[in-house]
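Remarks on the overall topology
Here is what each chain is made of, one letter per residue.
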Amino acid sequence: MRFLTRIIAMSRAVRLGRQFRDIERGIGELSVPARKQLALLAMKEFACAAKSEFPHLYGTPPDQRYLPWGAGTDIGFERARSENLQVRLRGAAMWLAVAYHETKDTPYADLQALHRQLLRVLRTLKESAAGSSDAAMAEWAAREAAA
């Protein structure tokens, strides 16, 4: 059974890693104002996910709550590939929030490496938002720095 669990975790890490590379590339192509907007949206998505009963299942339809993992990353990824900038930003923010919670306390090395990469991207977003005059963004950056 451990072998099967390990294979499932490894296949999930491969899928999330592939999605992460596309998300990261998309974030790199954003303008500075769009990155600031993404940081604000990510902050909101993280807050909503944290309020959820199971943060790693955030965005998953209620009838799919008992699957091995949620649909939040897939939904966010599809939105992040949209032609519309606002939909793309909201999808990337959702993907980042769900993937963060899904990889947060994992015992698997592949998913831990992905979590570290996510933290790096989130730190970059936070730094790009640090120059923002928006009070909510400054508060979020201060909270994250304290954590």
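Residues numbered from 1 in each chain as written. Predicted model: local features only at pLDDT ≥ 70, side-chain atom pairs only at ≥ 80, totals over all residues. Heavy atoms only, no water.

We now examine the pattern of salt bridges. Under the definition given, this model contains six salt bridges. A salt bridge links Glu24 to Arg120; its shortest N-O distance comes to 3.1 Å. Remark: Arg120 occurs in helix H5 (residues 109-130) and Glu24 occurs in helix H1 (residues 2-28); sequence separation between them is 96 residues. On the basis of relative accessible area, Glu24 is assigned to the partly exposed category, the value being 26%. In this structure, the salt-bridge partner of Arg81 is Glu78, at a minimum N-O distance of 3.7 Å. (Salt bridge = Lys/Arg side-chain N within 4 Å of Asp/Glu carboxyl O. Helix = DSSP H or I, 4+ residues; strand = E, 2+ residues; numbered from the N terminus. Buried < 20%, exposed > 50% of the residue type's maximum accessible area, 1.4 Å probe, protein only.)

Where helix H2 (residues 32-51) contacts H5, the two axes come as close as 8 Å, and the packing angle between them is 120 degrees. Between H2 and H5, the angle falls in the class oblique. Relative to H5, the crossing made by H2 is left-handed. Within the contact between the two elements, H2 uses Arg35, Lys36, Leu38, Ala39 and Phe46 and H5 uses Leu122, Leu125, Ser128 and Ala129. Considering only residue class, the contact of H2 with H5 consists of six nonpolar, one polar and two charged. (Axes fitted to C-alpha atoms, helices over the stretch in contact; angles between N-to-C directions. Parallel < 35°, antiparallel > 145°, perpendicular 65-115°, else oblique. Left-handed = near helix turned anticlockwise from the far one by under 90°. Contact = heavy atoms within 4.5 Å. Nonpolar A, V, L, I, M, F, W, Y, C, P; charged D, E, K, R; others polar.)

Our next topic: the nonpolar core. Generally speaking, a soluble globular protein has its nonpolar side chains buried in company with each other. Counting residues in hydrophobic clusters, the biggest one holds 29 residues, and the most contacted among them are Ile23, Ile27, Leu38, Trp95 and Leu96. Among the secondary structure elements, those contributing two or more residues to this core are H1, H2, helix H3 (72-80), helix H4 (85-103) and H5. Counting residues per element, this core draws most heavily on H4, which supplies eight residues. Among all residues touching Leu96, those that are not within four sequence positions of it are Ile23, Ile27, Phe46, Leu118, Val121, Leu122 and Leu125. (Core = buried A, V, L, I, M, F, W, Y, C linked by side-chain atoms within 4.5 Å.)

Here the focus is the packing of H4 against H5. Viewed as axis vectors pointing N to C, H4 and H5 meet at an angle of 140 degrees, and their least axial separation amounts to 9 Å. The orientation of H4 relative to H5 falls into the category oblique. Note on packing geometry: the crossing formed by H4 with H5 is left-handed. Across the interface between the two elements, Trp95, Leu96, Ala99, Tyr100 and Thr103 of H4 pack against Leu111, Leu114, His115, Leu118, Leu119, Val121, Leu122 and Leu125 of H5. Looking at side-chain class alone, the contact of H4 with H5 contains eleven nonpolar, two polar and no charged residues.

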